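As a plain string of letters, each chain reads:
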Amino acid sequence: MKKILLTALIGGLTLNAHASEVNSDLQEARQMVKEFGGQLKPALKGAMKAGGPVEAVAMCNTKAPAIAKAVSEKHDWNVNRVSLKPRGATATPDAWETQTLKWFEEQIAAGVSPKTLEKFEIVKAEGKETIRYMKPVMTGGVCLTCHGSAEQIPDGVKAKLAQLYPNDKATGFKEGDIRGAFSFQKAAN
Ligand code: HEC
């Protein structure tokens, strides 16, 4: 795994930035994963416990984007979650994100631990450099109530999801599948 991460890093380094900048941006992105994920999980668990899964859908609908916004404002990066099977309004991946999500899937299928997987790159497009970072989000047992098979999702949750997300693709996941990824980006100075 070390080798893979290093390749991603060196890719970024040789492209354009000074090692120290790359390093501090990477450290910040990792910190943002902790802050974003660290707020999402308790919010989800708390909502499931307090109001049940249907209420928790509403929580994910409003609170997840609000947490993303707060982390984004604190760090001055664009903060999002994306998936090859998206649910949320902003969850459809762009070309770089699609490529990275597929790369994550291949790495995981090849036995790489998702805990150590991440992608950091300085991407150049149309004369602009963008610092980009992604980290996989894995499917746990608790996620299946809203992202699992038709049998695992209660009727009330199905109805709420259909109402809020008529184009929902984020079902049919199994425990251990990659559900999507955190995706952060900002302009390189
Ligand atoms: C109570 C229902 C519910 C549960 C349980 C749940 N989610 Fe979600 N999830 C949602 C909803 C609703 C959205 C769309 C949020 C939005 O509108 O931005 C979502 C969106 C996401 C996204 C963003 C990408 C996308 O497709 O929109 C990821 C990643 C995600 N969930 C991962 C998880 C993981 C991992 C778990 C388990 C730890 C989990 N979810 C548990 C309801 C749920």
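Residues numbered from 1 in each chain as written. Predicted model: local features only at pLDDT ≥ 70, side-chain atom pairs only at ≥ 80, totals over all residues. Heavy atoms only, no water.

**Considerations on the overall build of the protein**
What counts here: In DSSP terms, a helix is any run of H or I states spanning at least four residues, a strand is any run of E spanning at least two, and both are numbered starting from the N terminus. In this treatment the radius of gyration is a C-alpha quantity, and the globule benchmark scales as 2.2 Å times the residue count to the 0.38 power.
Helix and strand content of the protein: five helices and four strands. Listed by position from the N terminus, the elements making up the protein come as α-α-β-α-β-β-α-α-β. In terms of C-alpha radius of gyration, the protein reaches 17 Å, essentially the compact-globule figure of 16 Å for 189 residues. Counting only C-alpha atoms, the protein reaches 50 × 35 × 30 Å along its principal axes.

**Some thoughts on the confidence of the model for the protein**
Heads up, the rule is: Per-residue confidence from the prediction method is given by pLDDT, with values spanning 0 to 100. Should any heavy atoms of two residues lie within 4.5 Å, those residues are counted as being in contact.
A residue-level look at the protein finds 90% of positions with pLDDT of 70 or above and a mean pLDDT of 91. Here residues 1–16 scores under 50 on pLDDT; set against residues more than four positions off or in separate chains, the count is 21 contacts.

**Considering the coordination of the iron atom of the ligand**
For clarity, the cut-off: Coordinating donors are taken to be N, O and S atoms lying within 2.8 Å of the metal, or within 3.2 Å when the metal is Na, K or Ca; because water is excluded from the atom set, some sites may appear incomplete.
Coordination of the iron atom of the ligand by the protein comes from a single atom, His147 (NE2), at 2.1 Å. Tracing the backbone shows His147 in helix 4 (residues 144–147).

**Re the site of the ligand**
To be explicit about the condition: What makes a residue near a molecule or strand is one non-hydrogen atom of that residue sitting within 4 Å of it. Two N or O atoms count as a polar contact when they lie within 3.5 Å, although within protein this holds only if one can serve as hydrogen donor and the other as acceptor, and sequence-adjacent residues are included solely when both atoms are side-chain atoms. Cavity and pocket criteria rest on a 1 Å grid covering protein atoms alone: a 1.4 Å probe that fits but cannot get out defines a cavity, protein on both sides within 12 Å along at least 5 of 7 lines defines an open pocket, and an atom within 4 Å of a point defines a lining residue. For this analysis, a molecule is said to be in a pocket or cavity if more than half of its atoms are within 2 Å of the grid points defining it.
Around the ligand sit 23 residues, and of these Cys143, Cys146, His147, Tyr165 and Arg179 come closest. A distance of 2.8 Å separates an oxygen atom of the ligand from a polar backbone atom of Arg87. More than half of the atoms of the ligand fall within 2 Å of the grid points belonging to the largest pocket. Residue assignment for the shell around the ligand shows that the elements contributing at least two residues are helix 2 (19–75), strand 3 (128–138) and helix 4. The greatest single-element share of the shell around the ligand, amounting to eight residues, is contributed by helix 2.

**Points about the sheet that holds strand 4 (residues 178–187)**
The pairing of strands in a sheet happens through backbone hydrogen bonds and is either parallel or antiparallel. To be explicit about the condition: By definition, two strands form a pair when at least two bridges between them are found by DSSP. Interaxial angle, 0 to 180 degrees, is taken between N-to-C directions of lines fitted to C-alpha atoms, where a helix line uses only the stretch in contact.
With antiparallel pairing, the four strands of this open sheet are ordered in space as 1-4-3-2. The strands lining the two open edges of the sheet, one partner per strand, are strand 1 (78–82) and strand 2 (119–125). Averaged over neighbouring strand pairs, the angle between their axes works out to 25° when direction is ignored. Pairing analysis gives five bridges linking strand 1 to strand 4, with the strands arranged antiparallel. Across the sheet, residue Asn78 finds its bridge partner in strand 4, namely Gln185. Contacts from helix 3 (residues 95–109) reach strand 1, strand 2, strand 3 and strand 4, with the element oriented near 40° to strand 3.

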